[in-house]
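Reading the structure
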Amino acid sequence: MHMHRYEKWWLTLGTGSLIIFLIILGISAFHQGHQPPSAKAYINPEQVDVIAPFDKPGLKKVEGKEWDYELVLVASTFLYNPGEVEVPKGSRLKIIATTKDVIHGFEVAGTNINMMLEPGYISEYTTTLDKTGEFLVVCNEYCGVGHHTMKSMIKVVD
Ligand code: CUA
């Protein structure tokens, strides 16, 4: 079948834009699906215990940063390390967290802090603690038989 030149041109243009569109769609879908939005960096989940800062989980006072404290937290079935921390009211806190095994959640009850911890990724959240109280950290991703027992506590004190 003979086609006019301009018909071929339109066909090529159409097919070309469709391919480009599908590539863009594929790339963005891949990016969205591949890591949680709060995750910044990659870490080998089998090496968590020996890779800084996760080799020393806990609360640390820091200097010269935009935040005052860093809470380095490691989740595993079915606990958080550390299990409890105490932070002075008014401090700016950066939470740096990962998991050693399966997907866990990190939700601070009564706040909008809600992260998904995925094996292989480091999740971060910075917040200002402007209210005193005991803030329960719960796992909101089903992770096995002990899921409902998985808790930590952030105590904000005067
Ligand atoms: Cu950890 Cu649910």
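Summary of the structure given here. (Residues numbered from 1 in each chain as written. Predicted model: local features only at pLDDT ≥ 70, side-chain atom pairs only at ≥ 80, totals over all residues. Heavy atoms only, no water.)

Secondary structure summary: the protein chain contains one helix and 11 strands in total. The order of α-helices and β-strands along the protein chain, N terminus first, is α-β-β-β-β-β-β-β-β-β-β-β. Put simply, the protein chain has 158 residues, and 35% of those count as buried. Taking the contacts inside the protein chain whose residues are at least 6 apart along the sequence as the reference set, 61% of them involve residues at least 24 apart. (Helix = DSSP H or I, 4+ residues; strand = E, 2+ residues; numbered from the N terminus. Buried < 20%, exposed > 50% of the residue type's maximum accessible area, 1.4 Å probe, protein only. Contact = heavy atoms within 4.5 Å.)

Counted as a void, the largest pocket has a volume near 190 Å³. Broken down by secondary-structure element, the contributors of at least two residues to the lining of the largest pocket are strand E6 (92-99), strand E9 (121-128) and strand E11 (151-157). Classifying every residue of the lining of the largest pocket by side-chain character gives eight nonpolar, five polar and two charged. (1 Å grid on protein atoms, 1.4 Å probe; cavity = no way out; pocket = protein on both sides within 12 Å on 5 of 7 lines; lining within 4 Å. Points joined across faces, edges and corners; volume = space filled by probe spheres on them. Nonpolar A, V, L, I, M, F, W, Y, C, P; charged D, E, K, R; others polar.)

With mixed pairing, five strands are arranged side by side in an open sheet as E5-E11-E10-E7-E8. A strand with exactly one partner marks an edge of an open sheet, and here the two such strands are strand E5 (84-88) and strand E8 (114-117). Each strand of the sheet is rotated relative to its neighbour by a mean of 20 degrees, with strand direction disregarded. Relative to E11, strand E10 (residues 133-138) runs antiparallel, the two sharing six bridges. Bridge pairing in E11 links Gly133 to Val156. (Pairing = 2+ DSSP bridges. Axes fitted to C-alpha atoms, helices over the stretch in contact; angles between N-to-C directions.)

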